[in-house]
12 protein chains.
Amino acid sequence: MTAPAMTSPLGDADKAATGAALNRVLADLIDLSLVGKQAHWTLVGRGFRSLHLQLDEVVDAVRIHADDVAERAVTIGVTPDGRAKTVAAESALPEHPTGWAQDTDVIDYFVSALGTAIGRLREAIAETEKHDVVSQDLLIGITAALEKHLWMFQAER
Amino acid sequence: MTAPAMTSPLGDADKAATGAALNRVLADLIDLSLVGKQAHWTLVGRGFRSLHLQLDEVVDAVRIHADDVAERAVTIGVTPDGRAKTVAAESALPEHPTGWAQDTDVIDYFVSALGTAIGRLREAIAETEKHDVVSQDLLIGITAALEKHLWMFQAER
Amino acid sequence: MTAPAMTSPLGDADKAATGAALNRVLADLIDLSLVGKQAHWTLVGRGFRSLHLQLDEVVDAVRIHADDVAERAVTIGVTPDGRAKTVAAESALPEHPTGWAQDTDVIDYFVSALGTAIGRLREAIAETEKHDVVSQDLLIGITAALEKHLWMFQAER
Amino acid sequence: MTAPAMTSPLGDADKAATGAALNRVLADLIDLSLVGKQAHWTLVGRGFRSLHLQLDEVVDAVRIHADDVAERAVTIGVTPDGRAKTVAAESALPEHPTGWAQDTDVIDYFVSALGTAIGRLREAIAETEKHDVVSQDLLIGITAALEKHLWMFQAER
Amino acid sequence: MTAPAMTSPLGDADKAATGAALNRVLADLIDLSLVGKQAHWTLVGRGFRSLHLQLDEVVDAVRIHADDVAERAVTIGVTPDGRAKTVAAESALPEHPTGWAQDTDVIDYFVSALGTAIGRLREAIAETEKHDVVSQDLLIGITAALEKHLWMFQAER
Amino acid sequence: MTAPAMTSPLGDADKAATGAALNRVLADLIDLSLVGKQAHWTLVGRGFRSLHLQLDEVVDAVRIHADDVAERAVTIGVTPDGRAKTVAAESALPEHPTGWAQDTDVIDYFVSALGTAIGRLREAIAETEKHDVVSQDLLIGITAALEKHLWMFQAER
Amino acid sequence: MTAPAMTSPLGDADKAATGAALNRVLADLIDLSLVGKQAHWTLVGRGFRSLHLQLDEVVDAVRIHADDVAERAVTIGVTPDGRAKTVAAESALPEHPTGWAQDTDVIDYFVSALGTAIGRLREAIAETEKHDVVSQDLLIGITAALEKHLWMFQAER
Amino acid sequence: MTAPAMTSPLGDADKAATGAALNRVLADLIDLSLVGKQAHWTLVGRGFRSLHLQLDEVVDAVRIHADDVAERAVTIGVTPDGRAKTVAAESALPEHPTGWAQDTDVIDYFVSALGTAIGRLREAIAETEKHDVVSQDLLIGITAALEKHLWMFQAER
Amino acid sequence: MTAPAMTSPLGDADKAATGAALNRVLADLIDLSLVGKQAHWTLVGRGFRSLHLQLDEVVDAVRIHADDVAERAVTIGVTPDGRAKTVAAESALPEHPTGWAQDTDVIDYFVSALGTAIGRLREAIAETEKHDVVSQDLLIGITAALEKHLWMFQAER
Amino acid sequence: MTAPAMTSPLGDADKAATGAALNRVLADLIDLSLVGKQAHWTLVGRGFRSLHLQLDEVVDAVRIHADDVAERAVTIGVTPDGRAKTVAAESALPEHPTGWAQDTDVIDYFVSALGTAIGRLREAIAETEKHDVVSQDLLIGITAALEKHLWMFQAER
Amino acid sequence: MTAPAMTSPLGDADKAATGAALNRVLADLIDLSLVGKQAHWTLVGRGFRSLHLQLDEVVDAVRIHADDVAERAVTIGVTPDGRAKTVAAESALPEHPTGWAQDTDVIDYFVSALGTAIGRLREAIAETEKHDVVSQDLLIGITAALEKHLWMFQAER
Amino acid sequence: MTAPAMTSPLGDADKAATGAALNRVLADLIDLSLVGKQAHWTLVGRGFRSLHLQLDEVVDAVRIHADDVAERAVTIGVTPDGRAKTVAAESALPEHPTGWAQDTDVIDYFVSALGTAIGRLREAIAETEKHDVVSQDLLIGITAALEKHLWMFQAER
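Along each chain, residue indices are assigned from 1 in the same order as the chain's sequence is written. Here every chain gets a letter starting at A, and every ligand a number starting at 1, in the order they are written. Owing to the predicted nature of the model, reporting of local features is limited to residues with pLDDT of at least 70; listing and counting of side-chain atom pairs is limited to 80 or more, with chain, interface and lining totals taken over all residues. Just so you know, side-chain values use all the structure's heavy atoms and leave hydrogens and water out.

Under an unreviewed UniProt entry, the name given to chain A is DNA starvation/stationary phase protection protein, and the source organism is Actinotalea fermentans. UniProt positions are given in the numbering used here, feature names are shortened, and annotations may be inferred rather than shown by experiment. Quoted verbatim from the Sequence similarities (unreviewed entry) field of UniProt, the annotation for chain A is "Belongs to the Dps family."

*Asks:* How should the packing of helix α1 (residues 12-42) of chain G against helix α5 (residues 133-155) of chain G be read in this particular structure?
*Replies:* To describe two helices that pack against each other, one gives the angle between their axes and the distance between the axes. Residue and element names in this part refer to chain G. The N-to-C vectors of α1 and α5 enclose an angle of 25°; their axes lie 12 Å apart at closest approach. The orientation of α1 with respect to α5, classified from their angle, is roughly parallel. Here α1 and α5 pass one another in a crossing that is left-handed. On α5, the residues touching T18, L22, V25, L29 and L32 of α1 are S135, L139, I142 and L146. When its residues are assigned to classes, the contact of α1 with α5 shows 7 nonpolar, 2 polar and no charged. For helices, the fitted line uses only the C-alpha atoms of the stretch in contact; every axis is such a line through C-alpha atoms, and the angle between N-to-C directions lies from 0 to 180 degrees. Helical segments are the DSSP runs of H or I of at least four residues, strand segments are the runs of E of at least two, and each set is numbered from the N terminus. Small angles under 35 degrees read as roughly parallel and large ones over 145 as roughly antiparallel, with 65 to 115 read as roughly perpendicular and the rest as oblique. By definition, any crossing whose near helix is turned counterclockwise from its far helix by less than a right angle is left-handed, and any crossing with a clockwise turn is right-handed. Two residues qualify as a contact provided that any one of their heavy atoms is within 4.5 Å of a heavy atom in the partner residue. Ten residue types, Ala, Val, Leu, Ile, Met, Phe, Trp, Tyr, Cys and Pro, are classed as nonpolar, four, Asp, Glu, Lys and Arg, as charged, and the remainder, Gly among them, as polar.

*Asks:* Got a minute to help me understand the relation of the copies chain I and chain K in this structure?
*Replies:* Taken together, a rotation about one axis and a shift along it account for how the two chain copies relate. The transform that puts chain I on chain K rotates by 120° and translates by 0.0 Å along the axis, for an RMSD of 0.0 Å. The superposition of one copy onto the other is thereby described by a three-fold rotation axis. It is D137(I) whose C-alpha, among those of chain I, lies nearest the rotation axis, at 4.9 Å. The overlap is low: 8% of the interface residues of chain I also sit at the interface in chain K, so different surfaces are used on the two sides. Least squares is the method for superposing the copies, and the C-alpha atoms it fits come from residues with pLDDT of at least 70 in both.

*Asks:* What am I meant to see in the pattern of salt bridges here?
*Replies:* One side chain can pair with another of opposite charge once the charged atoms of both are near each other. Each salt bridge in this description consists of a side-chain nitrogen of Lys or Arg and a carboxyl oxygen of Asp or Glu lying within 4 Å of one another. Within this structure, the stated rule accounts for 168 salt bridges over all chains. Here R46(J) and D103(D) are joined by a salt bridge, their closest N and O atoms 3.6 Å apart. You can see R46(J) sitting in the loop between β1 (43-44) and α2 (48-75) and its partner D103(D) sitting in helix α4 (residues 103-129), one on each of two chains. The exposure class assigned to R46(J) is partly exposed, which follows from its relative accessible area of 48%. Partly exposed residues are those whose accessible area sits between 20% and 50% of the maximum for their type, while under 20% is buried and over 50% is exposed, using a 1.4 Å probe and protein chains only.

*Asks:* What's the story with the interface of chain I and chain K in this structure? I'm lost.
*Replies:* A common way to state how big an interface is: give the accessible area lost once the parts meet. The partner chain K presents 12 residues to the 13 residues of chain I that form the contact. For the pair chain I and chain K, the summed buried surface comes to about 1100 Å²; carbon and sulfur atoms form 58% of the total. Counting across the chain I and chain K interface gives 3 salt bridges. Linking D132(I) and R122(K) is a salt bridge whose minimum nitrogen-to-oxygen distance equals 2.9 Å. Throughout this description, a polar contact denotes any pair of N or O atoms lying within 3.5 Å of each other; where both atoms belong to protein, one of them has to be capable of donating a hydrogen while the other can accept it, and for residues adjacent in sequence the pair is counted only when both atoms sit in side chains. Summed over the shared surface of chain I and chain K, the number is 4 residue pairs in polar contact (both at pLDDT 80 or more). Listed by contribution, the elements that provide at least two residues to the side of chain I that touches chain K are α2 (48-75) and α5 (133-155) of chain I. Sorting elements by how many residues they give to the side of chain I that touches chain K places α2(I) first, with 4 residues. Put simply, buried area is the surface a 1.4 Å probe can reach on two separate parts but cannot reach once they are joined, added for both.

*Asks:* What is the right way to look at the packing of aromatic side chains in this model?
*Replies:* We describe a pair of aromatic rings using the distance from one ring centre to the other and the angle between the two ring planes. Only centres within 6.5 Å qualify two rings of Phe, Tyr or Trp (six-membered ring in Trp) as a pair; their planes then separate them into stacked at under 30 degrees, edge-to-face at over 60, and tilted for everything else. Taken as a whole, this structure holds 36 aromatic pairs over all chains when the rule is applied. Aromatic pair Y109(I) and F110(I): ring centres 5.1 Å apart, planes at 85°, arrangement edge-to-face. The exposure classification of Y109(I) matches that of F110(I), with both residues buried. In textbook terms, an aromatic cluster arises when at least three aromatic residues are bridged by ring pairs, as seen for Y109(A), F110(A) and F153(A).

*Asks:* What exactly am I supposed to notice about the relation of the copies chain A and chain B here?
*Replies:* With an axial shift of 0.0 Å and an RMSD of 0.0 Å, the rotation relating chain A to chain B amounts to 180°. Both chain copies can therefore be described as sitting about a two-fold axis. By C-alpha distance to the rotation axis, the residue of chain A lying nearest is A84(A), at 2.5 Å. Interface overlap between copies is the fraction of interface residues in one copy that are interface residues in the other; for chain A against chain B it reaches 100%, indicating a shared surface.

*Asks:* Explain the UniProt feature "domain: Ferritin/DPS" (unreviewed entry) in chain A to me, please; I cannot follow it from the model alone.
*Replies:* Here, the residues flagged by UniProt with the feature "domain: Ferritin/DPS" (unreviewed entry) are residues 20-155 of chain A. Between the end C-alpha atoms of residues 20-155 of chain A the distance is 33 Å, and the span holds 79% helix and 3% strand.

*Asks:* Explanation requested: the interface of chain A and chain B in the structure shown.
*Replies:* Residue-level contacts link 39 residues of chain A with 39 residues of chain B. Together chain A and chain B conceal approximately 3300 Å² of surface at their shared face, both sides included; 66% is due to carbon and sulfur atoms. Put simply, chain A and chain B have 6 salt bridges between them. A salt bridge links K85(A) to E95(B); the shortest N-O distance between them is 2.7 Å. For the pair chain A and chain B, the number of links is 14 residue pairs in polar contact (both at pLDDT 80 or more). Broken down by secondary-structure element, the contributors of at least two residues to the side of chain A that touches chain B are α1 (12-42), α2 (48-75), α3 (84-90) and β2 (101-102) of chain A. When residues of the side of chain A that touches chain B are assigned to their parent elements, the largest contribution, 9 residues, is made by α1(A). Grouping the amino acids of the side of chain A that touches chain B by side-chain chemistry returns 19 nonpolar, 11 polar and 9 charged.

Here you go:
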């Protein structure tokens with residue numbers, strides 16, 4: 001369909017740069033919510049119950065972050081893309097293995113995956129500073145939350 | 001990793017058939033939650049607010065259904081696969097368009113997508129009856145919920 | 001008005017048989033909610049307070065059952081009819097007397113009325129098994145609830 | 001059964017006049033709750049979801065009003081009659097059509113039905129002023145609520 | 001202490017008449033809360049549990065009514081008097097017996113006590129109509145509540 | 001825009017008189033909510049915290065009263081006017097000073113402002129009695145609430 | 001009526017001594033709840049709002065203490081007496097003045113009244129130690145609570 | 001005492017077979033709740049806290065299942081037997097050891113005990129299918145829940 | 001397994017005596033929860049509903065008491081034993097009959113059963129005073145609660 | 001009155017510039033809350049109910065934003081001015097028309113009004129960056145929220 | 001400042017001895033809350049998440065205990081001292097190491113620290129028995145809670 | 001113990017500078033929570049109750065801020081130190097006096113203590129801007145909260 005007459009609070013260049021940054025972050029966050037559930041289900045090992053609950057907390061938080069990022073994109077006049085195909089193509093996270101997942105491997109996987117997502121978020125924070133401080137403020141908050149999750153997975157090793 | 005010694009409440013043939021049916025349903029349900037959010041974000045038109053809220057109710061419900069289906073799979077000793085790549089490959093739902101989504105088109109899309117998902121669920125109900133009535137009972141409950149959502153989208157046209 | 005193009009998850013014969021069964025149950029359930037209130041108001045006797053509260057619990061539960069049955073009917077493409085005139089004509093429940101209602105008579109009345117409603121529900125369960133297992137599952141749940149209410153009224157005699 | 005020795009806070013004439021007024025209002029209110037649900041279920045059209053929710057709010061409120069009116073009747077020693085047959089015979093509301101209900105028709109129906117019910121309530125307010133100010137106060141509160149619902153249906157046309 | 005410079009929304013005569021009416025009602029209401037507790041504690045008989053709970057509901061409601069009446073009195077510039085000695089002297093309720101209280105006697109007592117309190121409330125409604133409609137409106141609401149409690153005790157006999 | 005075909009439950013003269021009374025009250029109530037916040041913010045003195053909290057309770061209550069009054073106006077077919085310019089012009093409240101507000105001065109201000117608002121409300125009660133008892137009942141309830149606030153400010157002096 | 005065959009967990013002498021102690025405490029506690037409300041209503045002065053709220057917390061707590069004490073009495077087979085006349089006669093609290101109550105006087109009054117009640121409680125603790133440790137434990141808890149209230153009133157002087 | 005005239009919704013043979021199946025399940029479920037608590041208390045080992053909490057969730061769920069099963073039995077006119085002596089005699093669960101319980105042993109015990117209980121439930125599902133689909137539906141739901149608990153204990157090994 | 005190195009806050013003799021007292025109380029409390037449910041299910045008679053609800057309150061409270069007692073035992077280094085076989089052997093409560101239970105018989109049963117349990121608790125209070133005041137304090141609280149339940153059953157006769 | 005000795009966390013120039021920016025934003029926000037209510041009341045058209053609810057959400061959010069801005073002003077030692085007269089004079093929002101408001105016009109109005117308010121907020125963000133990052137952070141959060149509301153109104157056109 | 005005229009419910013010697021005991025306990029409890037947080041933050045190891053949560057439960061409980069102890073001290077007229085310097089000087093707990101804390105070391109630390117605190121509490125229980133049973137009762141409750149925490153840490157080793 | 005392999009989202013220099021800033025703030029915040037409680041307990045004077053409650057709000061908020069700061073430190077790989085000895089040594093707050101605390105002195109103390117803490121926070125904001133914007137954002141939020149508390153204490157003088 002034809003794009004509606006959405007006036008953006010940003011100029012064209014700021015909007016394009018910010019929108020691109022937000023869409024990159026969105027792909028990582030949705031992917032994080034999907035692999036979080038995948039590990040929540042297929043987990044085995046002595047640390048099962050604690051990790052099973054922890055992963056659901058990560059998923060719940062990340063779903064809200066993804067929603068906030070996508071809604072910020074439309075707010076500045078850029079359509080987000082959160083479909084499975086796009087997430088599979090654009091996410092920077094390492095691939096999650098199939099089948100049963102040993103608890104220690106799951107911890108290692110999320111240390112790695114969160115590290116990757118945080119790296120891309122910190123790039124987006126630097127990028128948006130010059131284009132839209134409102135979007136930047138949102139990304140700072142999400143980074144703080146993911147870094148806290150990263151601490152916890154690291155502390156469990 | 002090596003599969004752990006998970007004893008299943010089902011025999012091997014029942015387990016394989018039920019597990020396959022549950023995994024097919026899982027792909028559709030996760031996809032439904034992703035396109036539900038996609039439309040929730042990119043929606044435009046006079047019916048925006050009402051549909052925006054309705055889609056979030058669908059997403060919230062479908063996420064719980066997907067979790068129940070995946071946990072039933074592990075319960076019978078079969079690992080579910082809910083990763084973006086698998087969902088993109090295995091979901092039977094029609095592709096959701098990119099960009100802005102007109103409210104009337106969104107209604108049409110979900111009438112079609114829900115119809116497809118319900119069709120696959122009813123096949124899975126028939127299939128699981130002879131293999132595992134416990135799984136079948138779960139699928140009946142999910143079908144009832146999706147059919148109710150389908151009524152509502154149809155009534156809005 | 002002209003019937004809208006509601007596609008049903010059921011074929012025509014299944015839809016007709018299931019819809020008829022649901023509408024029969026609906027009339028009984030709405031009637032049960034009305035006589036429940038009638039007795040709640042006009043009750044007298046030593047057991048007043050306890051029965052007054054119990055009847056409201058029955059009414060609250062039955063209103064939800066009626067809503068579920070009617071919404072299942074529209075979900076399969078059949079319009080329910082829950083108007084006073086239709087309920088008065090189609091309900092199978094015994095007529096509730098006017099004026100003050102002695103507590104022991106109220107208990108006897110509901111033992112009889114619930115017995116009638118349960119009989120019609122069990123017929124509908126048998127009928128819907130061959131037409132729509134999703135509707136059948138709903139009716140089984142409602143029967144379980146009404147049979148529990150019947151036990152309690154019987155235990156009080 | 002024989003009427004119990006219920007002493008009324010009102011004299012005989014006040015009790016008879018007030019009781020009659022309350023019973024007329026009761027029939028309208030119960031009917032309103034039944035047609036509210038009927039429209040809630042059979043509704044179709046672009047305004048489906050919003051109206052579907054609005055009708056349930058009306059039904060919830062009106063059920064409480066009906067309960068208050070019936071309990072005020074017994075409080076003054078008069079038995080209310082809220083059975084389906086009596087409601088069908090005594091309600092002044094226009095008949096609600098069967099089958100699917102177009103959203104615009106539903107709005108028109110409730111503008112008309114609420115107007116009728118309010119007219120009868122205002123007569124009852126005038127009537128009870130000379131017989132029982134406590135009942136009158138209850139009817140004034142219900143009138144305020146129904147008139148607010150009427151405004152909303154009118155504003156939607 | 002010297003009376004503070006409290007300006008009243010009422011003139012002197014209206015204030016005196018309304019204040020006197022409110023103080024009469026206050027004594028009855030506090031007494032009702034005390035005898036309600038007395039019966040709640042000393043009750044025996046087959047109806048113990050149901051009546052024990054019902055009396056606490058009466059006490060909870062009456063304490064709020066008493067607070068509303070006393071605060072209305074100070075609002076119009078008149079000091080209420082709710083001390084034990086004053087309540088013992090000014091309440092019109094029949095004296096509650098000491099020792100164990102048989103359930104049927106308790107019901108009879110409260111039918112009588114509520115009847116007395118309602119009679120004084122209806123006099124206060126008539127009295128305040130010409131002096132302060134705001135106070136009258138409060139008394140009408142309390143009367144409605146006490147008359148409903150009276151119905152329930154009567155229905156239990 | 002052209003006025004819509006809003007049928008009123010009142011005749012033309014009753015509607016005009018009631019609408020005018022409601023609009024006068026509305027201006028005072030919105031003004032009261034604005035000066036309540038103004039004092040809540042600019043307050044200084046030993047009684048700061050207690051008064052700061054009390055003013056917010058007044059503002060919360062008065063905002064609900066203003067909403068009820070405005071919605072009653074539209075319910076009878078009259079448009080309310082609650083815009084800043086209209087409130088500034090039509091409110092009868094004394095002007096609130098700028099800058100810091102000493103706690104004792106704030107108490108004096110609200111004794112005066114509430115007195116003014118109550119005076120206009122009592123006039124509106126007298127006026128609406130002959131035109132619309134439903135509106136009158138609403139105004140009586142608001143008067144009771146404001147008079148209670150007035151008592152509390154007076155008691156604090 | 002004849003005393004019912006209530007078997008007590010205590011022997012006759014323990015029951016008589018404990019029952020008497022509990023009834024003395026009960027009179028003080030009910031009186032405290034009544035004078036608490038009296039001061040809550042008639043209070044004036046700069047500390048009005050804070051003290052008005054504090055007194056209601058005292059009343060709420062003391063009502064629960066009184067209920068616990070009276071129910072402990074019936075539990076050991078002794079009927080409590082909490083009627084206005086008995087409270088007026090048996091309470092050891094100083095008489096509360098009529099009319100408006102200055103905030104500083106109210107604080108002094110409750111320092112005195114709580115001191116009196118605590119003195120009687122500590123006597124009852126000593127008395128019940130040799131007769132019923134279960135009752136003693138209840139009285140210790142109530143004493144702790146009243147002593148905490150006493151601290152707060154003292155700190156405010 | 002003589003059995004009361006409890007009419008059952010089932011015929012005699014269906015009632016006997018269903019009642020026997022329900023009573024067998026009841027013994028296992030009550031036993032499961034008792035050994036769940038026993039392990040919750042006597043547990044030691046590195047997995048203490050997680051397992052301590054998990055066992056309480058199992059106990060909470062199983063108590064509700066036991067209540068549902070027993071109430072279904074009385075609903076069809078059969079008295080359940082949930083006394084300690086009967087549970088000790090009729091439960092099929094393996095005996096729980098006395099003294100301190102090592103965490104790994106507890107997990108093994110519950111894998112075994114849940115497996116036993118599920119086996120008996122699946123037999124009861126097969127048995128009740130021909131006698132009472134309402135009871136069968138209840139047992140299917142309980143089986144789904146216990147099988148999910150079994151997965152979790154297995155995943156922790 | 002070998003007992004873990006649990007250091008107790010008590011010396012050996014105090015620990016042994018206190019542990020034995022707690023285990024005796026535990027058997028009675030678990031038995032009370034089981035017969036409470038047994039009567040809750042099999043009850044018949046005019047007092048059915050009230051007693052059915054009351055028994056569930058007893059069961060809920062007693063389950064928490066049993067948990068507290070067992071956890072106090074492990075806290076002092078003694079393993080509790082709450083298995084069905086042990087409860088059947090060690091409980092001092094009278095045997096509960098099988099089959100339907102008439103309401104009046106149920107009341108008599110619980111007067112007797114609670115009396116027995118309270119007797120054993122009071123012995124345990126005397127015993128623990130010299131060994132562990134912390135355990136004694138717990139037992140005093142449980143005794144107070146059971147004695148209150150005993151009053152209520154006695155009052156209902 | 002004389003300004004109290006309020007020490008500010010900011011120097012004089014920072015305080016003056018920040019205070020001025022905050023007061024400009026405050027006028028717009030209070031005006032937004034008033035016109036939000038005005039439209040909430042006077043709205044007509046097919047989109048009535050949805051927009052009526054949406055406007056209340058805007059008003060609720062904006063009232064909190066206004067409170068935060070005003071309290072930030074006093075926190076830095078500057079008195080805010082939120083009186084009707086000041087709002088009428090200082091707000092930059094377009095004037096809201098009187099009388100009935102068509103739904104489509106209301107959407108256009110709020111697209112325009114929110115755009116204006118956001119423009120002024122972004123100026124204040126730029127201004128406060130050099131004077132007070134704490135105030136700037138508050139304004140960024142408010143801007144994010146208003147821009148999200150703006151998206152929603154735009155999407156509905 | 002000069003000590004205010006605080007009358008104590010205790011005589012001088014009882015007050016001094018009880019106050020000293022309470023202040024010793026207070027130092028330990030505040031220290032326990034600080035080291036609980038310290039370990040909550042610096043924890044590493046496989047048991048991280050479970051222990052991280054458990055420590056916060058300990059901290060939450062201990063903060064309330066400390067508040068109760070300090071408020072009991074002021075209640076008897078003795079000022080508590082809970083400042084960092086005093087806690088550092090008076091606490092009997094072993095010193096908590098700096099830097100990262102291995103999970104097994106943390107468990108050992110709290111077994112030791114809780115043991116120390118309990119020892120001092122049991123001394124205070126013995127001491128206060130002769131001076132103030134109300135304070136003693138508070139200390140018994142805190143001891144019970146800390147001993148339960150000690151069990152849990154011991155069970156985890 | 002050996003430091004675990006905690007990878008930080010920051011480089012070494014940024015981590016060291018940010019960690020030092022966070023630890024300085026942590027000492028002040030914990031100290032603020034301890035002196036807040038100290039004053040909450042030892043307070044006397046006419047403003048007792050209001051200030052007693054206000055101080056608890058400050059303590060509750062500051063405890064959360066301290067937790068956030070400490071967890072941010074571990075998140076970047078630096079261990080926080082919140083032990084009593086460290087807080088006593090590193091906090092910049094003025095020493096709180098022992099004994100009873102007059103209300104006016106308490107207000108002055110917290111104006112001074114909050115001013116000190118805010119000064120150190122604003123230094124940390126400036127410091128972290130160049131090292132870690134995520135930590136800076138957290139410190140800005142805490143500063144906003146403490147400055148608001150400072151306003152309130154200043155306004156009370």
